[in-house]
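# A structural walkthrough
Residues per chain are reported as follows:
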Amino acid sequence: MTDFHDESFEVVLAAGRDRSVRRRHPWLLASAVARVADGIPVGALVRVVSSEGEVLGFGHYAPGSKLRVRLLSFGKDAPADDLVAQRIATAVTRREADPALAGTDAVRLVNAEGDGLPGLVADRYGDVVCVRITASGMIARRDAIADALREATGAASGFERADPVAARREGFEARTGVLWGAEPAERLEIREGERRYGVDVRGGQKTGFYLDQRDARDLVQRLAPGRRTLDLFAYTGGFAVAAACGGAAHVTAVESSERALALAGENLAANGRNADLDLQRADAFKFLRGVDRDYDLIVIDPPPMARTRRDVDRASRAYKDLLMFGLRRAAPGAYILAFACSHHVGPGLFRKIAFGASLDANRTAQVLAVLGAPIDHPASIDHLEGSYLTGLLLRA
Ligand code: SAH
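Residues numbered from 1 in each chain as written. Predicted model: local features only at pLDDT ≥ 70, side-chain atom pairs only at ≥ 80, totals over all residues. Heavy atoms only, no water.

Split by domain assignment, the protein resolves into domain 1 (5-74), domain 2 (83-180) and domain 3 (210-395). If you look at the interface, domain 1 gives 13 residues, while domain 2 gives 15 residues. Buried surface at the junction of domain 1 and domain 2, both sides included, amounts to about 1,000 Å², of which 55% is carbon and sulfur. Of all residues in domain 1, H60, R70 and L72 bury the most surface against domain 2, accounting for 52% of the area lost on that side. Where domain 1 meets domain 2, there are 1 salt bridge. As a salt-bridge pair, R70 and E170 come within 2.8 Å of each other at their nearest N and O atoms. Counting across the interface, domain 1 meets domain 2 through 6 residue pairs in polar contact (both at pLDDT 80 or more). When residues of the side of domain 1 that touches domain 2 are assigned to their parent elements, the largest contribution, 3 residues, is made by strand β6 (residues 67-74). For the side of domain 1 that touches domain 2, the per-class residue count stands at 8 nonpolar, 4 polar and 1 charged. (Domains from an automatic or database assignment. Contact = heavy atoms within 4.5 Å. Buried area = accessible area lost by both parts, 1.4 Å probe. Salt bridge = Lys/Arg side-chain N within 4 Å of Asp/Glu carboxyl O. Polar contact = N/O pair within 3.5 Å; in protein donor to acceptor, adjacent residues only side chain to side chain. Helix = DSSP H or I, 4+ residues; strand = E, 2+ residues; numbered from the N terminus. Nonpolar A, V, L, I, M, F, W, Y, C, P; charged D, E, K, R; others polar.)

Quick look at the pairing of strand β20 (residues 389-395) now. Across the 7 residues of β20, 6 count as buried, placing the element largely inside the fold. Pairing of strand β18 (residues 330-341) with β20 involves 7 bridges; the strand directions are antiparallel. Paired with A340 across the strands is T390, a residue of β20. Examined bridge by bridge, strand β19 (residues 366-371) and β20 share 5 bridges and lie antiparallel to one another. Considered in β20, the bridge of L371 is made with G391. (Buried < 20%, exposed > 50% of the residue type's maximum accessible area, 1.4 Å probe, protein only. Pairing = 2+ DSSP bridges.)

Positive phi values are uncommon outside glycine, yet R24 reaches one of about 65°. Following the sequence through the fold, R24 ends up in the loop between α1 (19-22) and β2 (27-29). Residue class for R24 comes out partly exposed when judged on its relative accessible area of 44%. Even without glycine at this site, A112 takes up a positive phi of about 50°.

On to the pattern of salt bridges, then. Tallied over the entire structure, the rule returns 27 salt bridges. Between D123 and R108 there is a salt bridge, with its nearest N and O atoms 2.7 Å apart. Pair noted here: D123 is in strand β8 (residues 120-125) and R108 is in strand β7 (residues 106-111), with a separation of 15 residues, a long-range link. A single burial state applies to D123 and to R108, both of which are buried. Notably, a salt bridge pairs R150 with D147, separated by 3.6 Å at the nearest N-O pair. Here R150 and its partner D147 are both found in helix α4 (residues 142-153), 3 residues apart, which amounts to about one turn of the helix. What makes D147 partly exposed here is its relative accessible area of 41%. Several salt bridges converge on common partners, so that one network encompasses E192, R195, R214, R217, D218 and D376.

Taken together, 14 residues lie around the ligand, and Q205, E255, D283, A284 and D301 are the ones closest in. Contacts to the ligand include Q205, whose side-chain N or O atom sits 2.9 Å from an oxygen atom. Taken by itself the ligand offers 580 Å² of open surface, and the protein chains cover 88% of this. When grouped by side-chain class, the residues that make up the shell around the ligand number 8 nonpolar, 3 polar and 3 charged. (Near = heavy atom within 4 Å. Areas by Shrake-Rupley, 256 points an atom, 1.4 Å probe, with all protein chains shown as cover.)

Structure (structure tokens):
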């Protein structure tokens, strides 16, 4: 694997700004940097040095980003040239060896910082690997990453999905297209246990499917028998299909994107269960306020609402609204699964929000479980921000 590293590529920290690197945090903020050597190419491997000259670690340089260096290794020794390829191979091997993933052919192979690869996500859908890159350092190594993924997986094709928001933030060119092999089919078929889903890797959200909700889908399937189910923010019907497969009496799926809802319809049909179905293209907030029937299983899985700390108050009010109206529509004994996908809203805060909602709804509830992302979405213990998904299982 080619890498570009030169002894002269050095980033010197401001005095007293070495704490986060010493604590192995993978993000070095621009504000902590005092000096940068001239002529370092975008994405190059740089040495991070304290103001006293101590070498603290190595990482990818992103001159256009507030996250000026994404650290890949700590300590004074430069990492091997093929560090990224080695970590990709390790990440893939770990998924292959994981018995908890045996029942599915759709797996997150690389989970960015969680696998020591900041800015790189790779998801496997059967014979296709779909890659999303959010950091300049990984963009600069795109070809080597493709080679490493192809070699580690033996997958027939690799496809890259652009992340335009990250591209703008970092100043690289967003690109969507084939990395190796043939262009993926418009619909890829994946299986999760007995569930079948069509995935649109070329035009769907993120890499096409929310792999991070697999465990919660399993749970919904187990909780569903006989239940009138409401799947809010349904996307392509991940939870709706799980409920139908589990024997729900009825499934209402609410989603604002027409394209996603169409695929939810296909997915429900393909799983051939005879739940009574109701697909609604609607704003989930408005739907919940207006609906007058009750449900026994309610899933609330909104898009990220607190991308930064400044958004937390507004997001908290939105989550509270959803939970309050959800509790009002919950039949006695109903299960409610509610999710927040932002590390700014962790389990403690989310539980407080749910409590506030229960007071406003004048309905008490039991907390049955706190949920998170599945085993193929590891977070590094060094990186609190990597734990972004919080779920609560409540019983009304
Ligand atoms: N539950 C899904 C993932 C949900 S992602 C799964 O497991 O696959 C959030 C979804 O909410 C997206 O599909 C997005 O299109 C949709 N969405 C965003 N705002 C919405 C709104 N106000 N009302 C309904 N759907 C919305």
